Amino acid sequence: MNHFNYKNKSLHCEDVDIPEIAAQVGTPFYLYSKATLIRHFQAFDSAFTVDHITCFATKSCSNIGIMSLFAKLGGGADIVSGGELFRALKAGMDPQKIVYSGVGKTRDELKYGLESGILMFNVESQQELLALQDVAAELGLIAPVSFRVNPDVDPKTHAYISTGLAKNKFGIPIETALDVYRQADGLSHINTVGVSCHIGSQLTDVSPFVESLQKVKGFVTALRDTGLDIKYIDLGGGLGITYDEETPPEPAVYAKALEEELGDIGCTLILEPGRVIVGNAGILVTKVLYTKQGGKKFTIVDAGMNDLTRPSLYGAYHKILPVVDYGQGVETGDVVGPICETGDFLAKEQEVPVSKSADLLAVMSAGAYGFTMSSNYNSRPRVAEVLVDGDKVHIIRKRETLEMLIAGEVIPE
Ligand code: LLP
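Residues numbered from 1 in each chain as written. Predicted model: local features only at pLDDT ≥ 70, side-chain atom pairs only at ≥ 80, totals over all residues. Heavy atoms only, no water.

1. What about the side chain of Gln133?
And step 1. For Gln133, the position within the fold is in helix α6 (residues 126-139).
And step 2. Of the polar contacts made by the side chain of Gln133, one reaches the side chain of Ser188; its length is 2.9 Å.
And step 3. Setting aside residues up to four positions removed in sequence, Gln133 forms contacts with Leu187, Ser188, His189 and Ile190. (Helix = DSSP H or I, 4+ residues; strand = E, 2+ residues; numbered from the N terminus. Polar contact = N/O pair within 3.5 Å; in protein donor to acceptor, adjacent residues only side chain to side chain. Contact = heavy atoms within 4.5 Å.)

In structure tokens form, the structure reads like this:
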């Protein structure tokens, strides 16, 4: 459930009429509903009855105005870069609820994580382990480590966002991971505290999660048999949402399946949800510039693939709704942006509102991996982000200016 609903044929975000926001901030802009964000976070977090930490996947939506909501609700953060660590701390996340994933952490990033006192590093290779030992020794600190194991489970999702197959670059093969734990145990500045895994994103079935947990559980037992104390099991993120007709499991069903499999293993569970919390709590609002009939019908809008890249990159579907429904009806066509590439589309051969110049369109389900994947391609300033709370409108990120486009650039003498 979300708080984007029509009232008097005009799409509202909570109690605010979207055209009013467009008049105030211009278009395009990302728009989030605070009540929806809170509801989704709580639905997920409260579905788990075992000791757990919900570490929001920062990469899905990293605005500190949004992350701070989850911090206040007791959430933590899953981060994958020094930049995300900076954001998580600025948003008020407790460092002891921050887990650091990713295959390519630099020494500077490892240092930043150590100095910040994060809960654990999800280490993905032997070389990263040695770099972490080295950096921790220099700082005179002990690095809390969990290895990301690759369980070789098929998440049955888009190839670009599958991560838990042996052919993917992520993690350490679960069959050889025991040796790495033994090696870590012998290192002076490493403390192994957990096992982690993340098999992919936008999963619409619970069985791959259960299958990978089975493997992780067996592995934790094997580790304990060798005398290693494992406190945390990190199962990553990945629970899918409905963009179109998908029917992903409800958080409660997902949580129950995981807890049943987990049994009484006595570990704190760490979860790293992103999309399921923010995906349907945000939309992209764009304005129609022109329409034209070529080989097919094109609706040309002021947002492009630089603002929302998912359709171009993954062929992802986003529903397009009219902001004001004046009975215009629907037609099959493309909604395209101003970027000079044929791959620049927000909707391709799908049912879209019949539109005319200056109409507003809502690109739905854009809260996750929307703004965070946006860029300045074609020298387009990144758009504003707006958070609605009841009848209040907060601009949580200003639209970039032209000056910001060249900030840091220099014409050599
Ligand atoms: N944890 C780790 C280690 C991850 O790599 C990811 C996502 C998550 C958690 C959060 O997954 P979620 O709950 O959001 O599915 N840009 C793509 C999605 C990439 C996901 C990458 N990793 C998209 O727009 O669909």
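Picking up after the structure, the text goes on.
2. Remarks on the domain arrangement of the protein
And step 1. Under the domain assignment, the protein is made up of domain 1 (4-32 + 280-400) and domain 2 (34-278).
And step 2. Across the boundary between the two partners, domain 1 contributes 23 residues, which contact 24 residues of domain 2.
And step 3. For the pair domain 1 and domain 2, the two sides together bury roughly 2000 Å², of which 57% comes from carbon and sulfur.
And step 4. The three residues of domain 1 that bury the most area against domain 2 are Asn280, Tyr314 and Tyr369, which together make up 28% of that side's buried surface. (Domains from an automatic or database assignment. Buried area = accessible area lost by both parts, 1.4 Å probe.)

3. Thoughts on the packing of aromatic side chains
Remark: the centre distance and the inter-plane angle together describe each pair of aromatic rings, the angle taken between the planes.
And step 1. Enumeration according to the criterion identifies eleven aromatic pairs in this entry.
And step 2. Taken together, a centroid distance of 5.5 Å and an interplanar angle of 50 degrees make the contact between Phe44 and Phe48 tilted. Each member of the pair, Phe44 as well as Phe48, carries the same accessibility label: buried.
And step 3. Taking 5.8 Å as the distance between ring centres and 40 degrees as the angle between the ring planes, the aromatic pair formed by Phe44 and Tyr254 counts as tilted. (Phe/Tyr/Trp six-rings, centres within 6.5 Å; stacked < 30°, edge-to-face > 60°. Buried < 20%, exposed > 50% of the residue type's maximum accessible area, 1.4 Å probe, protein only.)

4. Quick look at the site of the ligand
And step 1. Not every one of the 19 residues close to the ligand is listed here, only the nearest: Ser201, Glu272, Arg310, Tyr314 and Tyr369.
And step 2. Lys59 is positioned such that a nitrogen or oxygen atom in its side chain is 3.3 Å from an oxygen atom of the ligand.
And step 3. In the complex, 92% of the free accessible area of the ligand, which totals 590 Å², lies under the protein chains.
And step 4. When residues of the shell around the ligand are sorted by domain, at least three fall in each of domain 1 (4-32 + 280-400) and domain 2 (34-278). (Near = heavy atom within 4 Å. Areas by Shrake-Rupley, 256 points an atom, 1.4 Å probe, with all protein chains shown as cover.)

5. Details of the sheet that holds strand β1 (residues 4-7)
And step 1. Reading across from one edge, β1-β2-β3 is the order of the three strands in this open sheet, with antiparallel pairing throughout. In the strand order of this sheet, the two ends are held by β1 and β3 (16-17), each with one partner.
And step 2. One ladder, built from four bridges, connects β1 with strand β2 (residues 10-13); its direction is antiparallel. Considered in β2, the bridge of Lys7 is made with Ser10. (Pairing = 2+ DSSP bridges.)

6. Description of the pattern of salt bridges
And step 1. Taken as a whole and judged by the stated rule, the model has 17 salt bridges.
And step 2. Ionic pairing is found between Glu124 and Arg148, a salt bridge with its closest N-O pair at 3.0 Å. Of the two residues, Glu124 is situated in the loop between β8 (120-123) and α6 and Arg148 in strand β9 (residues 143-150); the sequence distance between them amounts to 24 residues.
And step 3. According to the relative accessible area criterion, Glu124 is buried, its value standing at 5%.
And step 4. For Arg148, a relative accessible area of 7% corresponds to the buried category.
And step 5. A salt bridge links Lys356 to Asp359; the nearest nitrogen and oxygen atoms lie 3.2 Å apart.
And step 6. Judged by relative accessible area, which is 46%, Lys356 ranks as partly exposed.
And step 7. Its relative accessible area of 10% is what places Asp359 among the buried residues.
And step 8. Each of Arg107, Asp134 and Glu138 takes part in one network of salt bridges that share partners. (Salt bridge = Lys/Arg side-chain N within 4 Å of Asp/Glu carboxyl O.)

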